[in-house]
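One-letter residues, chain by chain:
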Amino acid sequence: MADPRFFAAAGPFTLRELATIAGAEIANGDEARRFVDVAPLGAAGPEDVSFLDNRRYLDAFRQSRAGACLVAPDAVKAAPSGMNLLIAKDPYRAYAKVAAAFHPPRAFEPGIHPAAHIGKDARIGEGCRIEAGAAIGARADIGRRCHIAANAVIGEGVAIGDDGWIGPGVSISHAVLGRRAIVHGGARIGQDGFGFALGPQGHLKVPQLGRVVIGDDVEIGANTTIDRGAGPDTVVGDGTKIDNLVQIAHNVRIGRGCVIVAQVGISGSTRIGDFVMLGGQAGLTGHLEIGDGAKVAAQAGVMRDIEPGVTVGGSPAVPQRQWLKGVALIERMTRKD
Amino acid sequence: MADPRFFAAAGPFTLRELATIAGAEIANGDEARRFVDVAPLGAAGPEDVSFLDNRRYLDAFRQSRAGACLVAPDAVKAAPSGMNLLIAKDPYRAYAKVAAAFHPPRAFEPGIHPAAHIGKDARIGEGCRIEAGAAIGARADIGRRCHIAANAVIGEGVAIGDDGWIGPGVSISHAVLGRRAIVHGGARIGQDGFGFALGPQGHLKVPQLGRVVIGDDVEIGANTTIDRGAGPDTVVGDGTKIDNLVQIAHNVRIGRGCVIVAQVGISGSTRIGDFVMLGGQAGLTGHLEIGDGAKVAAQAGVMRDIEPGVTVGGSPAVPQRQWLKGVALIERMTRKD
Amino acid sequence: MADPRFFAAAGPFTLRELATIAGAEIANGDEARRFVDVAPLGAAGPEDVSFLDNRRYLDAFRQSRAGACLVAPDAVKAAPSGMNLLIAKDPYRAYAKVAAAFHPPRAFEPGIHPAAHIGKDARIGEGCRIEAGAAIGARADIGRRCHIAANAVIGEGVAIGDDGWIGPGVSISHAVLGRRAIVHGGARIGQDGFGFALGPQGHLKVPQLGRVVIGDDVEIGANTTIDRGAGPDTVVGDGTKIDNLVQIAHNVRIGRGCVIVAQVGISGSTRIGDFVMLGGQAGLTGHLEIGDGAKVAAQAGVMRDIEPGVTVGGSPAVPQRQWLKGVALIERMTRKD
């Protein structure tokens, strides 16, 4: 049960309603039966809805006391008797919808807190909530229904699309964000890229004259940093999700639908295609081309371009099979006495 | 000498008083002699107390001009003549107590700054200090004698135990913290975990319905991020110390007395036992079990469970002896021409 | 063209003026011709100035439509006909000067925002701008013409030299900064180092009695953390540039003119010479000596001292040639079937 101090609750919902919400089909279930919450397989009781998305949890599924469960078609035969089944092609996605129905985001009260600071000629769309201590720079353009949390700092001229959520203590400058942006606490967007003309007489700062341009439906993790471009822009494509403590340097271009796990670092001017996955703590050097659908293992160190669809691992990174072969080789050589 | 702009000073203390503070015994010393400060072996003078905790500094000890020194029993014979000795089983722990006596934390003036923002029905315990720009959400519950620094943001319903110190610009939501918490500047606690139902039609955000639950005597470093659970909670046990820029993902459970060095990343649902040590920049993939007392070397990449008490290193991580053998092997092969 | 929402613009400038600004010589050019902006080789038109700094862009140079270009002497012969050439020994440094002329930093209006918080006996130099929500502690000493951005928190007694720029949401305590400091958003300077007397009965916090001392012309990246010393100070030398999300532990001493790329971690008490380069995500263990001019490759794990001028790579790090040999060796062994 989600802690009511932190989460709203809705429901109960009948199995029929849940099927509609989830886009699922009912198998041997009681359509009128009511459910009160979601819960993991091991914790769920007769009034809860659970889900099975990973074969590693098949045993937990077999023993679960959940009243209903979202499952893929091939798991039906393993279900304990009496469990109501909701069949979905993607049970995790179906669960996300059901969980959101039971625990809808808390509606926020719109309004500009008297202790928020709104710069000259800033435009604040209707239905926004601007919390205490938030500072919106002159000429900024904030879309409708945006939520700017306490002590966030939005720089001069920054544009944020409709339905954005900007977390506490975030700072954004020199940037244009699309719709439905989610920026978690402490993320830093738009500061100077790390550019210097190096030399023994002192490193001369090179003006960073680009922006950060972020598409629609992008999520950016807590304390992540995205520097603005040096001349070209730094770009993050629609639907890309970025975890916490990620570093994205100037001029990097990231495509659509990428997933970038925590503590990844991407060096300047590297270009990343669509639907690329970067594992945690991976590092990419500058000026690379990473093809669509490429995957990079956690902690990999990428120093060369990656062809579309290829998976790499290791540091320096090589194709995954080769990397695993090297790992196995060392393991054999070091184990055998 | 600690800079008086930043540190309070107390004393002088006699050798007798210092022995009591340190829980140490006096060996060939002048009980009534007075000391004015602590200092490292190389910088200490006749009125200072120093300590020897590491055999690497034995030479510095032999040559030190410190008036007194905290030492383990076996170092007594190496002491320069005339030095007052305070014998302790754990000289570093004894030093911590003596240093805290000479430089006690500055007492803070309780009070709620007029520019702090206190939400509806928030409870603030007696003796708290809430600084300018701090924002405490509705129904939050702040214990006694807590210090909430400037521009920290405490979310709705968050509970913080007695004697907490929450640094500048921190944000905390969906969380329950124990007593004597120390949370350094910019740490982010309780934001959404990184959970999506992935798919080419777009990655669907999965509601994150758990909390962050933190025990007593936990310290959390600057700009560290701890995501709340997806359904279960993210948990940090009593007495665990976490350094700067660490990432702790949703559903991670960390036991008691762990030490987690800077820039470590722990992926979702991994469980860590008691008194585990994680070296700097180490990464752990998700859903692992790390046994009590395990140790992970800096930069290691842990992809499998670790048995209690085992030390691992390398990426992918293997038992330390095996890792070092592999390192030595490569070194031999690459050096020999 | 730099987005006018974010950047000021000056000019046009004649080729003659640009030569003076850049410290360059004109080769076969029209001194009186006017230019309006800087642009990359591929995007520049007849009224723009570009630069060639890297032989990888020679083809782009040959095809560029830029009206003028900053080039090294040896590139003159490759220039397209009709292009005005400005010859400079270091074209990138010359470009930095020209770009700054076209896009000078926006002048800021001095003044203390009514919603800034100035502690007792703090000294604010003339010409400072202190933005909304910034909190300056008691007895802090802020130099002339400093810009303290919104919601930054400057602790009691902190000293900042003239012409400092402190970004949004930064926190600084127990620190003395030189002139012309640039500290990007969310950086954390001066919090407690990670020091505990470890033990099964609980880890005892060791008082951290040193400071952070930062020289002139230092730049510190977004969300970077620099802990104060345990007794000695943590020191960053003149002209050193530090990127985002870097961790610098207590007692570390960094020399002059170093370049430290994003996500590097430096453990306690390590000493780094002058003009050292540390690649992204590199980690250094504690108590090391890194010689002047040493270079550390990205993701390297440094566990031993490095002699002056030596380049190392790998984890554990070894001299670069040896590292690359090991990489090549594994590659051969894993590729050959």
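Calculation criteria
Residues numbered from 1 in each chain as written. Chains lettered and ligands numbered in written order. Predicted model: local features only at pLDDT ≥ 70, side-chain atom pairs only at ≥ 80, totals over all residues. Heavy atoms only, no water. Helix = DSSP H or I, 4+ residues; strand = E, 2+ residues; numbered from the N terminus. Buried < 20%, exposed > 50% of the residue type's maximum accessible area, 1.4 Å probe, protein only. Contact = heavy atoms within 4.5 Å. Buried area = accessible area lost by both parts, 1.4 Å probe. Salt bridge = Lys/Arg side-chain N within 4 Å of Asp/Glu carboxyl O. Arc of directions from axis to C-beta. Least-squares fit on C-alpha atoms with pLDDT ≥ 70 in both. Pairing = 2+ DSSP bridges. Core = buried A, V, L, I, M, F, W, Y, C linked by side-chain atoms within 4.5 Å. Right-handed = clockwise from strand over helix to strand, strands pointing away. Axes fitted to C-alpha atoms, helices over the stretch in contact; angles between N-to-C directions. Parallel < 35°, antiparallel > 145°, perpendicular 65-115°, else oblique. Expected span 1.5 Å × (residues − 1). Domains from an automatic or database assignment. Polar contact = N/O pair within 3.5 Å; in protein donor to acceptor, adjacent residues only side chain to side chain. Nonpolar A, V, L, I, M, F, W, Y, C, P; charged D, E, K, R; others polar. Phe/Tyr/Trp six-rings, centres within 6.5 Å; stacked < 30°, edge-to-face > 60°.

Side note on the overall build of chain A
Inference 1: Secondary structure assignment for chain A yields 4 helices and 40 strands.
Inference 2: For the C-alpha atoms alone, the extent of chain A along its principal axes is close to 75 × 70 × 30 Å.
Inference 3: Going through the 337 residues of chain A one by one, you find that 60% of them count as buried.
Inference 4: Here the analysis covers contacts within chain A between residues at least 6 apart in sequence; of these, 19% occur between residues at least 24 apart.

Focus: the interface of chain C and chain A
Inference 1: The partner chain A presents 66 residues to the 58 residues of chain C that form the contact.
Inference 2: Roughly 4500 Å² is buried in total at the junction of chain C and chain A, and carbon and sulfur atoms are behind 60% of that figure.
Inference 3: Our count for the contact surface shared by chain C and chain A stands at 4 salt bridges.
Inference 4: Residues E156 of chain A and R106 of chain C are paired through a salt bridge, measuring 3.3 Å at the closest nitrogen-oxygen approach.

Some thoughts on the environment of G293 of chain A
Inference 1: Within the fold, G293 of chain A resides in the loop between β36 (289-290) and β37 (295-296).
Inference 2: Sequence-wise, G293 of chain A and C258 of chain A are 35 residues apart; in three dimensions their C-alpha atoms are separated by 8.4 Å.

Topic: helix α1 (residues 15-22) of chain C
One turn of an α-helix holds 3.6 residues; hence residues three or four places apart share an orientation.
Residues and elements named next belong to chain C.
Inference 1: Taken together, the buried positions of α1 are L15, L18, A19 and A22. Down the axis, α1 shows its buried residues gathered within 105° of arc, on one side only.
Inference 2: G23 sits one or two positions beyond α1 and adopts a positive phi of about 65°.

A short note on the relation of the copies chain A and chain B
Inference 1: When chain A is fitted to chain B, the residual RMSD is 0.0 Å, and the transformation amounts to a turn of 120° plus an axial shift of 0.0 Å. In short, the pair behaves as if placed about a three-fold rotation axis.
Inference 2: A share of only 19% of the interface residues of chain A reappears at the interface of chain B, consistent with the copies meeting through non-equivalent patches.

Here's the deal with the sheet that holds strand β30 (residues 253-254) of chain B
Residue and element names in this part refer to chain B.
Inference 1: Here 9 strands make up an open sheet; going across it, the order is β10-β13-β16-β19-β24-β27-β30-β33-β36 and the pairing parallel. Of all strands in the sheet, those bounded by a partner on one side alone are β10 (123-124) and β36 (289-290).
Inference 2: Of the strand pairs in this sheet, strand β33 (residues 271-272) and β36 are connected by 2 bridges, and their pairing is parallel. Each bridged residue has a counterpart across the sheet, and for I272 the counterpart in β36 is I290.

A word on the nonpolar core
Inference 1: Core analysis: the largest hydrophobic core is formed by 80 residues, its most contacted members being I148, I154, I166, I172 and I266 of chain A.
Inference 2: Put simply, the parts of the chain that give this core at least two residues each are β19 (175-177) and β24 (212-214) of chain A together with α1, β6 (68-71) and α3 (91-102) of chain C.
Inference 3: Not counting the four nearest positions on each side in its chain, I148 of chain A is found in contact with R129, I130, E131, A134, I136, I142, I154 and I166 of chain A.

What to know about the pairing of strand β5 (residues 48-51) of chain B
Along any regular strand the residues' side chains alternate between the sheet's two faces.
All names here are of chain B.
Inference 1: Bridge count for strand β4 (residues 37-38) against β5 is 2 bridges, and the pairing is parallel. Opposite V38, over in β5, you have V49 as the bridge partner.
Inference 2: With 3 bridges connecting them, β5 and strand β6 (residues 68-71) associate as parallel partners. Residue pairing for β6: V49 is matched across the bridge by A68.
Inference 3: A crossover connection joins β5 to the parallel β6 through helix α2 (residues 58-63); in handedness this β-α-β unit is right-handed.

Focus: the packing of helix α4 (residues 320-335) of chain A against helix α4 (residues 320-335) of chain B
Inference 1: α4 of chain B packs onto α4 of chain A with a crossing angle of 100° between their chain directions and a minimal axis gap of 9 Å. Taken together, the axes of α4 of chain A and α4 of chain B are roughly perpendicular relative to one another. Contacts between α4 of chain A and α4 of chain B pair I330, E331, M333, T334 and R335 of chain A from the former with Q322, K325, G326, L329, I330 and M333 of chain B from the latter.

As for helix α4 (residues 320-335) of chain C
Inference 1: Taking 1.5 Å as the rise per residue, α4 of chain C with 16 residues should run 22 Å; its terminal C-alpha atoms sit 22 Å apart, in good agreement.
Inference 2: Listed as buried for α4 of chain C are Q322, W323, G326, L329, E331 and T334 of chain C.
Inference 3: Here the buried face of α4 of chain C lies against β40 (318-319) and α4 of chain A, α4 of chain B together with β39 (311-313) and β40 (318-319) of chain C.

Focus on the sheet that holds strand β2 (residues 25-27) of chain A
Residues and elements named next belong to chain A.
Inference 1: Within the open sheet, the 5 strands sit side by side as β2-β7-β6-β5-β4. Their pairing is mixed. The open sheet is flanked by β2 and β4 (37-38), the only strands paired with a single partner.
Inference 2: The sheet contact formed by strand β6 (residues 68-71) and strand β7 (residues 84-87) spans 4 bridges and is parallel. Note that in β7 the partner of L70 across the bridge is L86.
Inference 3: Strand contacts of helix α1 (residues 15-22): β2, β5 (48-51), β6 and β7, with the helix running at about 20° to β7, the strand carrying the most contacts.

A few points about the domain arrangement of chain A
Inference 1: One can read the domain layout of chain A as domain 1 (13-102) and domain 2 (170-337).
Inference 2: Just the C-alpha atoms count here: the centres of domain 1 of chain A and domain 2 of chain A sit 37 Å apart.

Observations concerning the interface of chain A and chain B
Inference 1: At the junction of the two partners, chain A supplies 58 residues and chain B supplies 65 residues.
Inference 2: Note on chain A versus chain B: buried area summed over both sides is about 4500 Å², and carbon and sulfur give 60% of it.
Inference 3: The interface formed by chain A and chain B includes 4 salt bridges.
Inference 4: A salt bridge links R211 of chain B to D3 of chain A; the shortest N-O distance between them is 3.0 Å.
Inference 5: Linking chain A with chain B are 27 residue pairs in polar contact (both at pLDDT 80 or more), by the criterion used here.
Inference 6: Contributing elements (two or more residues each) for the side of chain A that touches chain B: α3 (91-102), β28 (241-242), β31 (259-260) and α4 of chain A.
Inference 7: A per-class count over the side of chain A that touches chain B returns 29 nonpolar, 15 polar and 14 charged.

Some details on the side chain of D227 of chain A
Inference 1: Within the secondary structure layout, D227 of chain A lies in the loop between β26 (225-226) and β27 (234-236).
Inference 2: A polar contact of 2.8 Å, which involves the side chain of D227 of chain A, links it to the side chain of Q191 of chain A.
Inference 3: Apart from residues no more than four positions distant in its own chain, D227 of chain A is found in contact with Q191, D192, G193, F194, V212, T234, Q247, I248, A249 and H250 of chain A together with D243 and N244 of chain C.

Quick word on unusual backbone geometry
Residues and elements named next belong to chain A.
Inference 1: Residue P316 is reached from S315 by a cis peptide bond, and omega for that bond is 0°.
Inference 2: On the secondary structure map, P316 appears in the loop between β39 (311-313) and β40.
Inference 3: Even without a glycine there, the phi angle at H174 is positive, about 45°.
Inference 4: Relative to the elements of secondary structure, H174 occurs in the loop between β18 (171-172) and β19.

Re the environment of H250 of chain C
All names here are of chain C.
Inference 1: Mapped onto the elements of the fold, H250 is located in the loop between β29 (247-248) and β30 (253-254).
Inference 2: Along the sequence, H250 and D233 sit 17 residues apart, while their C-alpha atoms lie 7.5 Å from each other.
Inference 3: Residues contacting H250, with those up to four places away along its chain left out, are G193, F194, G195, Q208, D227, R228, G229, A230, T234, G268 and S269.
Inference 4: Only 2.7 Å separates the side chain of H250 from the side chain of Q208, close enough to count as a polar contact.

Some thoughts on the packing of aromatic side chains
Residue and element names in this part refer to chain B.
Inference 1: Tallying each qualifying case throughout the model produces 15 aromatic pairs over all chains.
Inference 2: When the centroid spacing of 6.5 Å and the interplanar angle of 5° are considered together, the rings of Y92 and Y95 count as stacked. Of this pair, Y92 and Y95 are both found in helix α3 (residues 91-102), 3 residues apart, which corresponds to roughly one turn of the helix. Each member of the pair Y92 and Y95 is classed as buried.

Observations regarding the pattern of salt bridges
All names here are of chain C.
Inference 1: Tallied over the entire structure, the rule returns 63 salt bridges over all chains.
Inference 2: Taking the shortest distance from any N to any O, the salt bridge between R144 and D162 comes out at 2.8 Å. Of this pair, R144 sits in the loop between β13 (141-142) and β14 (147-148) while D162 sits in the loop between β16 (159-160) and β17 (165-166), placing them 18 residues apart in sequence.
Inference 3: Looking at R144, the relative accessible area reads 39%, which means it is partly exposed.
Inference 4: On the basis of relative accessibility, which here comes to 15%, the residue D162 falls in the buried class.
Inference 5: In this structure, D233 and R211 form a salt bridge, with 2.8 Å as the shortest nitrogen-oxygen distance. Here the residue D233 occupies a position in the loop between β26 (225-226) and β27 (234-236), and R211 occupies one in the loop between β23 (204-205) and β24 (212-214), the gap between them amounting to 22 residues.

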